[in-house]
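# Structural overview for review
Read off the chains here:
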Amino acid sequence: MKKILLSLAFLAGVSLTVSAQFKIGGKTINTKKVINAATDVAHAATLSDEDVAKMAKEYIQWMDTHNEVAGPDTEMGQRLERLTANVKNFKVYNVVDVNAFACGDGSVRVCGGLMKIMDDDEVFAVIGHEIGHVVHSDSKDAMKNAYLTSAAKNAAGAVSGTVSKLTDSQLGDMAQALAGAQYSQKQEYEADEFGFQFCIDNGRDPYGMSNSLNKLLQLSESEAKSSKFMQMFSSHPETQKRADRVKEKADEYVKSKQ
């Protein structure tokens with residue numbers, strides 16, 4: 001069953017139309033209903049790493065509630081467990097979207113659609129890419145920026161300066177902000193390199209990273225230009241360049257081993 005994809009995006013943020021309401025998991029969320037705390041954006045900008053980690057934990061729990069998680073008794077769940085050696089903060093959503101995302105607390109979520117079109121080496125490379133965003137603090141920064149640009153910033157405590165527990169509406173509003181988030185070219189290159197090295201370090205195909213990007217490009221070319229998938233790629237024209245870049249690194253690595 002298909003759910004709304006809200007992610008930090010392996011390729012790019014999916015562009016969603018900003019509105020007062022949207023649906024996820026069959027539930028309508030009014031993003032205008034937020035707590036009115038006595039604070040301002042300047043105050044919110046002082047968010048600590050602890051605050052961001054707390055928000056990330058709440059956010060990923062919210063996402064797991066609103067998207068069907070493929071359990072250990074399912075084929076996709078068992079496959080991901082084999083790939084990640086049963087690491088607890090990796091899960092797969094039983095949705096048709098072709099994507100993956102990471103949160104500042106280190107949680108990585110893979111969408112079922114991506115697992116269906118990619119082999120194990122390609123999925124492993126994508127996971128490495130997302131871990132790269134966490135290691136380089138990209139995911140943490142994206143979470144903080146989404147907080148500062150969403151109504152969730154009103155949850156900051158006026159006295160203590162720490163973030164209060166977010167409401168369902170605030171988490172929905174933050175999810176919408178995260179859906180439009182995009183990493184810089186530099187951040188994507190660094191995450192691609194991490195995914196490439198992640199494959200090598202774990203005895204996987206060094207071409208896993210480039211193959212995963214090329215497979216997504218091929219899929220986008222087969223889709224109608226009006227589709228959501230094509231819209232996602234239209235906002236990230238550097239994907240081919242990224243694929244070529246990591247392929248060159250794989251070529252160099254293979255040549256060095258000959």
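Residues numbered from 1 in each chain as written. Predicted model: local features only at pLDDT ≥ 70, side-chain atom pairs only at ≥ 80, totals over all residues. Heavy atoms only, no water.

### Brief notes about the overall build of the protein
Along its length, the protein carries 11 helices and five strands. A buried classification covers 49% of the 258 residues belonging to the protein. Sequence-distant contacts in the protein: of pairs separated by 6 or more residues, those separated by 24 or more amount to 71%. When the accessible surface of the protein is summed, it comes to about 11900 Å², and 50% of that surface belongs to carbon and sulfur atoms. (Helix = DSSP H or I, 4+ residues; strand = E, 2+ residues; numbered from the N terminus. Buried < 20%, exposed > 50% of the residue type's maximum accessible area, 1.4 Å probe, protein only. Contact = heavy atoms within 4.5 Å. Areas by Shrake-Rupley, 256 points an atom, 1.4 Å probe, with all protein chains shown as cover.)

### Let's talk about the pattern of salt bridges
The full count for this structure, using the stated rule, is 12 salt bridges. Residue Lys 215 is joined to Glu 122 by a salt bridge in which the shortest nitrogen-to-oxygen separation is 2.9 Å. Of this pair, Lys 215 sits in helix α9 (residues 208-222) while Glu 122 sits in helix α5 (residues 120-135), and the two are 93 residues apart along the sequence. Classification of Lys 215 as partly exposed rests on a relative accessible area of 26%. Its salt-bridge partner being Lys 249, residue Glu 193 comes within 4.0 Å of it at the nearest N-O pair. Of the two residues, Glu 193 is situated in helix α8 (residues 185-201) and Lys 249 in helix α11 (residues 239-256); the sequence distance between them amounts to 56 residues. According to the relative accessible area criterion, Glu 193 is partly exposed, its value standing at 28%. Accessibility expressed as a relative area gives 28% for Lys 249, which makes it partly exposed. Each of Asp 64, Lys 91 and Arg 109 takes part in salt bridges that share partners, so that together they form one network. (Salt bridge = Lys/Arg side-chain N within 4 Å of Asp/Glu carboxyl O.)

### A closer look at the sheet that holds strand β5 (residues 108-111)
The strand order across the open sheet formed by three strands is β3-β5-β4, and the pairing between neighbours is mixed. Edge positions in the sheet fall to β3 (90-93) and β4 (100-102), since each has one partner strand and no second. Averaged over all pairs of adjacent strands, the angle between strand axes in this sheet comes to 20°, irrespective of strand direction. Relative to β5, β3 is paired through four bridges, and the arrangement is parallel. Within the sheet, the bridge partner assigned to Phe 90 lies in β5 and is Val 108. (Pairing = 2+ DSSP bridges. Axes fitted to C-alpha atoms, helices over the stretch in contact; angles between N-to-C directions.)

### Overview of the environment of Ala 125
Note that Ala 125 resides in helix α5. For Ala 125, a relative accessible area of 0% puts it in the buried group. With 75 residues separating them along the chain, Ala 125 and Ile 200 place their C-alpha atoms 9.6 Å apart. With residues near it in sequence (within four places) discarded, Ala 125 still touches Gly 195, Cys 199, Gly 208 and Met 209.

### Points about the packing of aromatic side chains
Applying the stated criterion across every chain yields a total of three aromatic pairs. Through a chain of ring-to-ring contacts, the aromatic side chains of Phe 124, Phe 194 and Phe 198 assemble into a single cluster. Above the plane of the ring of Phe 124 lies Arg 204, whose end atom (NZ or CZ) is 5.1 Å from the centre. When the ring centre of Tyr 189 is taken as reference, the NZ or CZ atom of Arg 245 above it lies at 4.2 Å. (Phe/Tyr/Trp six-rings, centres within 6.5 Å; stacked < 30°, edge-to-face > 60°. Lys NZ or Arg CZ within 6 Å of the ring centre and 35° of its normal.)

### Some points on the nonpolar core
In this structure, Leu 80, Val 110, Leu 114 and Ile 127 are the most contacted members of the largest nonpolar core, which totals 30 residues. Considering each element in turn, this core owes the most residues, six residues, to α5. Ranked by size, the runner-up nonpolar core spans 21 residues in total, among them Met 55, Ile 60, Met 63 and Met 174. (Core = buried A, V, L, I, M, F, W, Y, C linked by side-chain atoms within 4.5 Å.)

### Here we look at α5
What sets the pattern is the α-helix's 3.6 residues per turn: residues three or four places apart point alike. Relative to the 22 Å expected for 16 residues at 1.5 Å per residue, α5 spans 22 Å between its end C-alpha atoms, a close match to the ideal helical length. Summarising burial for α5: 12 of the 16 residues are buried, a large majority. The distance from a side-chain oxygen at the start of α5 to the backbone nitrogen of Asp 121 is 3.1 Å, and the residue carrying that oxygen is Asp 119. Phi turns positive one or two residues past the end of α5, at Ser 137, with a value near 65°. (Expected span 1.5 Å × (residues − 1). Polar contact = N/O pair within 3.5 Å; in protein donor to acceptor, adjacent residues only side chain to side chain.)

### A look at α8
In a regular helix each residue adds 1.5 Å, so 17 residues correspond to 24 Å; α8 covers 24 Å between its end C-alpha atoms and thus fits that length. For α8, the full list of buried residues reads Glu 188, Tyr 189, Ala 191, Asp 192, Gly 195, Phe 196, Phe 198, Cys 199 and Ile 200. Positioned one or two residues after α8, Gly 203 has a phi angle of 70°, which is positive.

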